[in-house]
Amino acid sequence: MKHDFTDGELQAQILWSLYKHGKWSEIYTNYDTFKKRLSMIVKNNGRNTERQVKALVKMRMVLPRKNWDTISLNPYYKNTIKQMIKDNLGFEP
């Protein structure tokens, strides 16, 4: 079932998806595959996801790798990422 997420909730969902798969620093995931995976639960077919990933990159929580072909979490913001997931999704990772 697809949902309409607020910007904060969608950012937390993106972070949670990367967090639960252990995608930190040099362990990264393919960006296109990641968008397809999230499009199963998020409306707007990846456009909103792409906008929120770019916002997370500006906040330096997500690192683009290999010329935006892959993405991973920034380990220096681990506590901030955990707090954002807890505040927006309501559970502690």
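This one's a predicted model, so the numbers in the text were calculated from it and none came from an experiment.

### A few points about the nonpolar core
Working step 1: Of all hydrophobic cores here, the largest spans 21 residues; its most connected members are Ile-14, Leu-15, Leu-18, Val-62, Leu-73 and Ile-81.
Working step 2: In terms of residue count, helix α1 (residues 7–20) provides more of this core than any other element does, six residues in total.
Working step 3: Other than its neighbours up to four places away in sequence, Leu-15 contacts Leu-56, Met-61, Val-62, Leu-73, Ile-81, Met-84 and Ile-85.

### Details of the pattern of salt bridges
Between side chains of opposite charge, a pair can form when the charged atoms approach closely.
Working step 1: Under the defined criterion, the tally for this structure stands at four salt bridges.
Working step 2: Of the charged contacts in the structure, one is a salt bridge between Glu-50 and Lys-35, with a shortest N-O distance of 3.1 Å. Placement of Glu-50 in helix α3 (residues 47–58) and of Lys-35 in helix α2 (residues 31–38) is noted, with a sequence separation of 15 residues between them.
Working step 3: Bridged by salt links that share partners, the residues Lys-35, Glu-50 and Lys-54 form one connected network.

Conventions adopted
- Residues numbered from 1 in each chain as written.
- Predicted model: local features only at pLDDT ≥ 70, side-chain atom pairs only at ≥ 80, totals over all residues.
- Heavy atoms only, no water.
- Core = buried A, V, L, I, M, F, W, Y, C linked by side-chain atoms within 4.5 Å.
- Buried < 20%, exposed > 50% of the residue type's maximum accessible area, 1.4 Å probe, protein only.
- Helix = DSSP H or I, 4+ residues; strand = E, 2+ residues; numbered from the N terminus.
- Contact = heavy atoms within 4.5 Å.
- Salt bridge = Lys/Arg side-chain N within 4 Å of Asp/Glu carboxyl O.

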